[in-house]
Amino acid sequence: METILITALGGLLANALSGIVGNRADAAVSTAWMAIVERLKEGGRPVNHDLQRAVWRSFILALKTICDDCVSELKIKEKKDVHDVRWLEQKRRSLDEELEKIEKAEYVEPSLESLQEIELLLLPDGTLVQDRIQAIKAKLIDVATRDGEPPQCYKEKAANQLFERMCAYFALEIKNNQVVRNIFEGQLLAQIDVRLQGQQLTVQRIETSL
């Protein structure tokens, strides 16, 4: 998972930026994006480690809700699959364990490849490259479903809802995690004076878009 955290971060931020500007594509969008990418490259451990942990937490929390939803759905069925329920409950326990390890996790330096993938998420005209976003989603789904034989409900929800649930939890990280919020305000967005749809790119607009 650690190897795709920064790439996943790029996907979350690109998705938020797309939500802010809609179908608009121009130099202003591209300028804002490249400024953010450059600051991620220069962020080093103090910045990127906290952002990686925020993405990881968002991933785990999204999967926990998927497990909970699936268990609830299965338990109301007359002929519930005991094996599936057992798998989901075990998966949720393992996710709780992963959540506890996040703060102590070692820092993984972003690879040049992952940083280049982020840079290429938007074209020079500011257009979001949808197939690259889909590739990031596919990587996250692969990580989420590679453990044993997941129930069909879990696989379907992971395939259709994982990224969107991650976006929601990452928005909460920005809103409620002061360290992450400070990174956005003091590192990623500071002094980026680019007007998008008549408004400056702000932390609040990113939260809302996510």
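Residues numbered from 1 in each chain as written. Predicted model: local features only at pLDDT ≥ 70, side-chain atom pairs only at ≥ 80, totals over all residues. Heavy atoms only, no water.

Participant: Got a sec to walk through empty space enclosed by the protein? Specific residues and values, please.
Facilitator: A full pass over the atoms with the stated rule returns 2 cavities of 30 Å³ or more. There is about 40 Å³ of room inside the second largest cavity. Forming the walls of the second largest cavity are Leu13, Ala16, Leu17, Ile36, Leu201 and Ile206. Top element by residues in the lining of the second largest cavity is helix H1 (residues 5-21). It accounts for 3 residues. Partitioned by chemical class, the residues of the lining of the second largest cavity number 6 nonpolar, no polar and no charged. (1 Å grid on protein atoms, 1.4 Å probe; cavity = no way out; pocket = protein on both sides within 12 Å on 5 of 7 lines; lining within 4 Å. Points joined across faces, edges and corners; volume = space filled by probe spheres on them. Helix = DSSP H or I, 4+ residues; strand = E, 2+ residues; numbered from the N terminus. Nonpolar A, V, L, I, M, F, W, Y, C, P; charged D, E, K, R; others polar.)

Participant: Give me the lowdown on the side chain of Gln52, citing residues and values where you can.
Facilitator: Mapped onto the elements of the fold, Gln52 is located in helix H2 (residues 27-75). For Gln52, the residues in contact, after removing those within four places along its chain, are Leu5, Ile6, Tyr107, Val108 and Pro110. (Contact = heavy atoms within 4.5 Å.)

Participant: Quick one: what's the story with the state of the cysteines, residue by residue and with numbers?
Facilitator: The final tally for this structure, using the stated rule, is 1 disulfide. The side chain of Cys70 participates in a disulfide bridge whose partner is Cys153; the two sulfur atoms lie 2.5 Å from each other. Disulfide Cys70-Cys153: torsion about the S-S bond near -90 degrees, hence left-handed. Taken together, the residues span a long stretch of sequence, with Cys70 in helix H2 and Cys153 in helix H6 (residues 152-176) at a distance of 83 residues. Among the residues examined, Cys70 registers a relative accessible area of 0% and is labelled buried. With relative accessibility at 15%, the residue Cys153 sits in the buried group. Not part of a disulfide, Cys67 finds its nearest cysteine sulfur in Cys70, a span of 6.9 Å. Residue class for Cys67 comes out buried when judged on its relative accessible area of 0%. (Disulfide = S-S within 2.5 Å. Buried < 20%, exposed > 50% of the residue type's maximum accessible area, 1.4 Å probe, protein only.)

Participant: Give me the nonpolar core: which residues, what numbers.
Facilitator: Counting 66 residues, the largest nonpolar core has Phe170 and Phe184 as its most contacted members. Among the secondary structure elements, those contributing two or more residues to this core are H1, H2, helix H3 (82-101), helix H4 (112-119), helix H5 (130-145), H6, helix H7 (178-188) and helix H8 (203-209). Tallying contributions element by element places H2 first for this core, with 20 residues. (Core = buried A, V, L, I, M, F, W, Y, C linked by side-chain atoms within 4.5 Å.)

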